[in-house]
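Read off the chains here:
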Amino acid sequence: MNKNQKIFQGENAIISYLKPGALGPTPVVELPASVNPFRRDGVRIFVKLMQSVPLANIKSLPAYVMLDALPKKECSKIKNLIEYSSGNTVLSLTILARHFGIA
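All figures in this text were calculated on a predicted structure; none of them were measured in a lab.

This part covers the overall build of the protein chain. Each helix and strand in the protein chain was counted, giving four helices and two strands. When the helices and strands of the protein chain are listed from N to C terminus, the series reads α-β-β-α-α-α. Here the protein chain has a C-alpha radius of gyration of 18 Å; the compact-globule value for 103 residues is 13 Å, and the former is much larger. Seen along its three principal axes, the alpha-carbon backbone of the protein chain occupies a region of about 60 × 40 × 15 Å. Relative to its full complement of 103 residues, the protein chain shows a buried share of 21%. The long-range share in the protein chain, meaning contacts at least 24 apart out of those at least 6 apart in sequence, stands at 52%. Of the roughly 7600 Å² of accessible surface on the protein chain, a fraction of 56% belongs to carbon and sulfur atoms. In the protein chain, the 13 positive side-chain charges and the 6 negative ones have mean positions that sit 3 Å from each other.

Rules behind the numbers
Here the residue numbering is sequential within each chain, running from 1 through the sequence in written order. Thresholds applied to this predicted model are a pLDDT of at least 70 for local features of residues and 80 or more for the giving and counting of side-chain atom pairs; totals over whole chains, interfaces and linings are not thresholded and use all residues. Values reported for side chains reflect all heavy atoms of the structure, with hydrogen atoms and water molecules removed beforehand. Note on conventions: DSSP H or I runs of at least 4 residues are helices, E runs of at least 2 residues are strands, and numbering of each starts at the N terminus. A radius of gyration in this sense is built from C-alpha atoms; the matching globule rule multiplies 2.2 Å by the number of residues raised to 0.38. Each residue gets one of three labels from its accessible area relative to the maximum for its type: buried under 20%, exposed over 50%, partly exposed in between, using a 1.4 Å probe on protein chains only. The contact criterion used throughout is that any non-hydrogen atoms of two residues lie within 4.5 Å. The accessible surface values rely on the Shrake-Rupley method and a 1.4 Å probe; as for residues, cover is taken only from the protein chains in view. Charge assignment: positive for Lys and Arg, negative for Asp and Glu; neither His nor the chain ends contribute. Here the site of a charge means NZ on Lys, CZ on Arg, CG on Asp, or CD on Glu.

Here's what the structure looks like:
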């Protein structure tokens, strides 16, 4: 098996995969001179590839932490989540809530 390969299995496989840091550091890539107009001045620009995190957005990380903070035995009693957002946080909470046992 490749040492860099992560395999998540069992009943909690998805939760384990979605847990922040489970896949290791998010890749960081330096922009080449062809897309870095400041390179000739010695400025190096690095970008963090956040689309590499689970659910392909940074908002999955706080969503996971919010749900993970709930007492596990209480999750199945929760029928509604309310989040004042219209974007990726709501999407992440929706996906993660199901796996935390929230209807």
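Continuing now.
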